[in-house]
Amino acid sequence: MIEMFSQFDATAARQAGLLPLWLIYNTPDSLEFLKEMLPQFPSDNRLLLPLATFSMTPDLVPWQAWESALAD
């Protein structure tokens, strides 16, 4: 379970016995940290809960980059 700090589901993590990876925002540094941590996650069982935002900030990573990181 990969979540943003403000978009998390503590109940799901607890009930499923998952240890989530909490990222800060949908930013390049969070994406790089995720890539470093992915070897710790089973490749066939990853759930990303990104931060839903309607603001297009200059440091917002496009969805395609997250999708690509999780597909590798």
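Up top is the structure.
The shown structure was predicted, so the numbers you read here are calculated from the model rather than taken from an experiment.

Looking at helix α2 (residues 28-37)
- For α2, the set of buried residues is Ser30, Leu31 and Leu34. Buried residues of α2, viewed axially, fall in a sector of 100 degrees; they line one side. When the buried face of α2 is taken as reference, the exposed residues oriented beyond 90 degrees from it are Asp29 and Glu36.
- Buried residues belonging to α2 abut β1 (2-4), β2 (21-23) and α3 (63-71).

Description of the nonpolar core
- Of all hydrophobic cores here, the largest spans 13 residues; its most connected members are Ile2, Leu21, Leu23, Leu31, Leu34, Trp66 and Leu70.
- Those elements that place two or more of their residues in this core are β1, β2, α2 and α3.
- By residue number, the principal contributor to this core is α3, which donates three residues.
- Beyond its immediate chain neighbours, meaning those up to four positions away, leucine 31 contacts Val61, Ala65, Trp66 and Ala69.

Quick word on the sheet that holds β1
- Taken together, three strands build an open sheet; the order of strands is β2-β1-β3 and the sheet is parallel. Of all the strands in the sheet, the pair left with one neighbour each is β2 and β3 (48-49).
- Inspection of the sheet shows β1 paired to β2 by three bridges, in the parallel sense. The partner of isoleucine 2 across the bridge, within β2, is leucine 21.
- The strands touched by α2 within the sheet are β1 and β2, with β2 carrying the most contacts at an inclination of about 160 degrees.

What counts, and where the lines are drawn
- Sequence order sets the numbering: in each chain, residues are counted from 1 along the sequence as written.
- Side-chain atom pairs in this predicted model are given and counted only at pLDDT of 80 or more, local residue features only at pLDDT of at least 70, and totals for whole chains, interfaces and linings cover all residues.
- To obtain the side-chain values, all non-hydrogen atoms of the structure were included, while hydrogens and water were left out.
- The buried label goes to any residue with under 20% of its type's maximum accessible area, the exposed label to any with over 50%, and the partly exposed label to all in between, with areas taken from a 1.4 Å probe on protein chains only.
- Strands here are runs of E lasting at least two residues and helices are runs of H or I lasting at least four, both read from the DSSP assignment and numbered beginning at the N terminus.
- Note: the arc covers the axis-to-C-beta directions of the helix.
- Here, two residues are considered to be in contact whenever any of their heavy atoms come within 4.5 Å of each other.
- To define a nonpolar core, start from buried Ala, Val, Leu, Ile, Met, Phe, Trp, Tyr and Cys residues and group those joined through side-chain atoms within 4.5 Å.
- Pairing between strands is defined by DSSP: at least two bridges between the two strands are required.
- Here an axis means a line fitted to C-alpha atoms, over the contact stretch when the element is a helix, while the angle between two N-to-C directions is reported on a 0 to 180 degree scale.

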